[in-house]
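Report on the structure
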Amino acid sequence: MLDTTCKHFPGIPRDLITLQTNQLNICGGYYVDITAEIWEDVVDLLNVVEVTRAEITLPIPPSPLYAQWPISSLDNQPAPNQSRPYDSTRNDDKITIKVVFPSGEIRSAKISRTVRVDELLAEASDILGRRTADIKAVWDGSIMRDDRSIGSYSIEDGDSITLQAGPLCFAKPVIYLHSPSNIDVSVKLSLIPEWSLSVIYPIVPMDEHRRHLEWNVRTHEDGSLTEHNSGLHVSYLFWEAKTNLQAFPHSPASKSPPADTFNPITSSLDDTDSIVIPVDRVTVYLDKSLKVLGLHTEARTSFITYWLPSILKHEYIALRFVPQAAYERAASLNISPQPDVVTRVCMLFKGICKEHLANWPNAQMQAENDVAWWVDVVGVDPTRAGDVTLFRVLEWGGVEVLI
C-alpha cells in the first residue's frame, strides 16, 4: 500500500505518509492511523483509505491558538480548580496538545497550562464558524468545564483534546397524513436520548425530557388535519429537534453507534455515501430525487424552498438521504390506525468549497447516476406512496452538517 501511495502521491515523502480510516466501529467516526502491524487485519474491512502527511498544516489565518498562543495577557493568570498541584514557576508551563476537530483533522498547538478551556473554544469557534456555546472540549471521555484551565486537568504533553460541535438542529420535519376517508388518528413520536424536541406544532404535551409526544387528529380527504385538543386546522404536523451534546458527548474513546442507526450527534457525509454537485444544479437534482422518493408537488416545493437559502451560501453541495429503517430507529413513529404505507425522507447536506473537491471523487461521479438509486438507499415504495386509495403517511426533514 505504501508503494502504491508513493506512486500516486509523489509529493509526499515516504517517511511522512500516514494511512488513516474512520470506517471501523472502534474509530467512533474519527480518523485514526493504520499501522503496518494491523494492516492485514483491517484491509478487508475498508472501502476507503485516507492518505495524509504525518503533520497536517492547513492554510488558516494566524491566531493566538495556532501561532503564538498564549498571548502575554494570559501568562500570569492563575489556574483555577486544579486537580493536581500546579507550580507557576515550572519550566514546562507550556505544553503541546493535539486538537482533534469534528471533521477528524488534527492540529498541534503549544499553549500555556493557564489557558482556560473557554479561551481554547473561542479560538476554535473562529475556525469552525460556529458559536462558542455550540462547541465542547472532550478529554479522556469527559466534557471539560469551560471555566477551568488546561493545567487543572491531568493533561500531559502530546495529549489530545477533542472538539465536539453541536447542537445540530433537525429542521422542519413535517408529517402529512393522507386518507381516502375521514378518520381519527393517533400519531406518537419518540426520539432517542441524543435528541430533544425544540419546536412542535400543533402544540401538545411532551414528557419532561422533551422526547415523546402524541398528536390526536382527524384526517380529511383534502389532506388537511384537525388537531382535537386545540381545534386547529392544519396542513401537516411539525416538529424540530436539537442534539443533546452535553448529555451524550461523543469522543474517540466512546462506543460508536451501530451502523444501521442514524445518530444526530455522529451524522456525517463522506465520499462513499453522498453525491457532490455545483450549487446551480441542486434544485433540479433535488426535485427529481424527491419525486422518485414519493414526494408530491407541494412537498417537493416546500422542501426545496425551505433549504434553498442555506444551500445558496455554498459553491458545491454534498448530500445524501438517510435509509428509512435507520432513521426510524432514531425517531420512531407509532401511528394508529396503522397506515398502509409510510414514507420518511431525511436529507443530510453540507457545503463544499472548490478547493476540497478532490476529496470527493466518487461522490462527484455518483451525482451523474440516475436519481432512482436513492429509492433503494432510502427503502421506500413510491408506487404505493402515490396510491390515493391507501392510508399514506409522508414525512420530510433534513440536517445541514456544519462541520
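Up top is the structure.
The paragraphs below set out a description of the structure included in this document. Here the structure is a predicted model, which means the values were calculated and not measured. (Residues numbered from 1 in each chain as written. Predicted model: local features only at pLDDT ≥ 70, side-chain atom pairs only at ≥ 80, totals over all residues. Heavy atoms only, no water.)

Next up on the list: the pattern of salt bridges. A complete count under the given rule lists 10 salt bridges for this structure. Across the pair Glu 368 and Arg 281 runs a salt bridge whose closest N-O atoms are separated by 3.3 Å. Separated by 87 residues along the polypeptide, Glu 368 in the loop between α7 (361–366) and α8 (373–378) and Arg 281 in the loop between β16 (275–278) and α4 (282–292) bring together distant segments of the chain. Overall, Glu 368 belongs to the exposed group, its relative accessible area being 56%. Overlapping salt bridges, with partners in common, bring together Glu 328, Arg 344 and Glu 395 in one network. (Salt bridge = Lys/Arg side-chain N within 4 Å of Asp/Glu carboxyl O. Helix = DSSP H or I, 4+ residues; strand = E, 2+ residues; numbered from the N terminus. Buried < 20%, exposed > 50% of the residue type's maximum accessible area, 1.4 Å probe, protein only.)

Relative to the helices and strands, Ser 310 is located in helix α5 (residues 297–311). Owing to a relative accessible area of 17%, Ser 310 belongs among the buried residues under this scheme. When near neighbours in sequence (up to four residues on either side) are disregarded, Ser 310 contacts Phe 349 and Glu 400. (Contact = heavy atoms within 4.5 Å.)

The three strands lie next to each other as β2-β1-β3, forming an open sheet whose pairing is antiparallel. With partners counted over all chains shown, the strands left at the sheet margins are β2 (32–33) and β3 (50–53), one partner each. One ladder, built from two bridges, connects strand β1 (residues 17–21) with β2; its direction is antiparallel. Across the sheet, residue Gln 20 finds its bridge partner in β2, namely Asp 33. (Pairing = 2+ DSSP bridges.)

What follows covers the packing of aromatic side chains. Aromatic rings considered in pairs are described by the distance between their centres and by the relative angle of their planes. As enumerated under the stated definition, the model contains nine aromatic pairs in all. Look at Trp 373 and Trp 374: their rings are 4.2 Å apart centre to centre, the planes differ by 35°, and that puts the pair in the tilted class. Among the residues examined, Trp 373 registers a relative accessible area of 24% and is labelled partly exposed. Since its relative accessible area comes to 0%, Trp 374 is described here as buried. Here the aromatic residues Phe 303, Tyr 306, Trp 307, Phe 349 and Trp 396 are joined through ring pairs into a cluster of three or more. (Phe/Tyr/Trp six-rings, centres within 6.5 Å; stacked < 30°, edge-to-face > 60°.)

Read from one edge of the open sheet, five strands run β14-β13-β12-β10-β18, paired in antiparallel fashion. Each end of this open sheet is capped by a strand with a single partner; those strands are β14 (233–234) and β18 (331–336). The sheet contact formed by strand β12 (residues 212–219) and strand β13 (residues 225–227) spans three bridges and is antiparallel. Bridge pairing in β13 places Arg 218 opposite Thr 226.

Let's shift gears to the environment of Trp 239. When you line up the elements, Trp 239 lands in strand β15 (residues 237–243). Overall, Trp 239 belongs to the buried group, its relative accessible area being 0%. Between the alpha carbons of Trp 239 and Ile 200 there is a distance of 4.3 Å; along the sequence they are 39 residues apart. For Trp 239, the side chain forms a polar contact with the side chain of Glu 395, separated by 2.9 Å. (Polar contact = N/O pair within 3.5 Å; in protein donor to acceptor, adjacent residues only side chain to side chain.)

Right, let's talk about α4 for a bit. Listed as buried for α4 are Val 282, Tyr 285, Leu 286, Ser 289 and Leu 290. All buried residues of α4 project into a common sector of 120° when viewed along the axis, lining one side. Of the residues trailing α4, Gly 294 is marked for its positive phi of about 105°. (Arc of directions from axis to C-beta.)

This part is about α5. For α5, which comprises 15 residues, the first-to-last C-alpha distance of 20 Å matches the rise-based estimate of 21 Å (1.5 Å per residue) to within 8%. Within α5, the full set of buried residues consists of Ala 299, Arg 300, Ser 302, Phe 303, Ile 304, Trp 307, Ser 310 and Ile 311. (Expected span 1.5 Å × (residues − 1).)

Another point: a nonpolar patch on the surface. A contiguous nonpolar surface patch, about 290 Å² in accessible area, is contributed by Tyr 201, Ile 203 and Leu 232. We classify Tyr 201 as partly exposed; its relative accessible area is 40%. (Patch = residues over 30% accessible without salt bridge, like charges linked within 9 Å, V, L, I, M, F, W, Y side chains within 5 Å. Areas by Shrake-Rupley, 256 points an atom, 1.4 Å probe, with all protein chains shown as cover.)

As a further point, take the environment of Ala 137. Turning to its location among the elements, Ala 137 is positioned in strand β6 (residues 135–139). Relative accessible area serves as the criterion here: at 0%, Ala 137 is assigned to the buried category. When the C-alpha positions of Ala 137 and Ala 124 are compared, they lie 10.0 Å apart, and in sequence the two are 13 residues distant. Residues in contact with Ala 137, not counting those within four places in the same chain, are Val 117, Leu 121, Ser 142, Ile 143, Met 144, Ile 161, Thr 162 and Leu 163.

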